[in-house]
Amino acid sequence: MKYVVYLLGFLWIAAGAIAILYSDDYKAFFKGLMTRLDRMYLAMIPAIFGLLLLLAASSTTHRWFIGLLGILGIIKSVLIYFNPWGIFEISKTWMEGLSERGVRLVGIIALVLGTVVISWIQ
């Protein structure tokens, strides 16, 4: 299961680095992704990542935090799928209105999160 945590951590680091370096392209990519894909398919992405994090949490030193990230990913997928109170449209509008510095901040958070997850592997 360590390899799953390595994979997810490196994906977070790569996504964060791309968001920092190519913020306009990153924002355009996610805007296109949110408009082209059906909500059901978009909901599968955080559900898979959340389930993988839950399964791989036992191979880290801070199981509770990795498990919490997995639970949050599953909750996110449920919210995307059922879309209560129009949360999906609100988050899509928020992402479209995000400035370049905001996208870079999201990238920094993803970069730090990926580094932390990798450093906690046993």
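See the structure printed just above.
What counts as what
Residues numbered from 1 in each chain as written. Predicted model: local features only at pLDDT ≥ 70, side-chain atom pairs only at ≥ 80, totals over all residues. Heavy atoms only, no water. Helix = DSSP H or I, 4+ residues; strand = E, 2+ residues; numbered from the N terminus. Buried < 20%, exposed > 50% of the residue type's maximum accessible area, 1.4 Å probe, protein only. Contact = heavy atoms within 4.5 Å. 1 Å grid on protein atoms, 1.4 Å probe; cavity = no way out; pocket = protein on both sides within 12 Å on 5 of 7 lines; lining within 4 Å. Points joined across faces, edges and corners; volume = space filled by probe spheres on them. Nonpolar A, V, L, I, M, F, W, Y, C, P; charged D, E, K, R; others polar. Phe/Tyr/Trp six-rings, centres within 6.5 Å; stacked < 30°, edge-to-face > 60°.

A. Seen up close, the side chain of Ser59. By secondary structure assignment, the location of Ser59 is in the loop between helix 3 (39-56) and helix 4 (63-82). By relative accessible area, Ser59 is classed as buried at 11%. Residue contacts for Ser59: discarding those within four places in its chain leaves Met1, Lys2, Val5, Ile121 and Gln122.

B. A look at the layout of surface pockets. Here the largest pocket is characterised by a volume of approximately 1,400 Å³. What lines the largest pocket is a set of 30 residues, and nearest its centre among them are Trp12, Tyr26, Phe30, Pro46 and Lys76. Class assignment of the residues belonging to the lining of the largest pocket gives a composition of 26 nonpolar, three polar and one charged.

C. Structural detail: the packing of aromatic side chains. Tallied over the entire structure, the rule returns six aromatic pairs. Both rings, one in Trp64 and one in Phe65, keep their centres 5.7 Å apart while their planes meet at 80°; by these two values the pair is edge-to-face. What makes Trp64 exposed here is its relative accessible area of 62%. On the numbers, 5.3 Å between centres and 90° between planes, the contact of Phe65 with Trp120 is edge-to-face. Residue Phe65 is found in helix 4, and its partner Trp120 is found in the segment after helix 6 (100-119); the two are separated by 55 residues along the sequence. For Trp120, a relative accessible area of 21% puts it in the partly exposed group. The rings of Tyr26, Phe29 and Phe30 are connected pair by pair, giving a single aromatic cluster.

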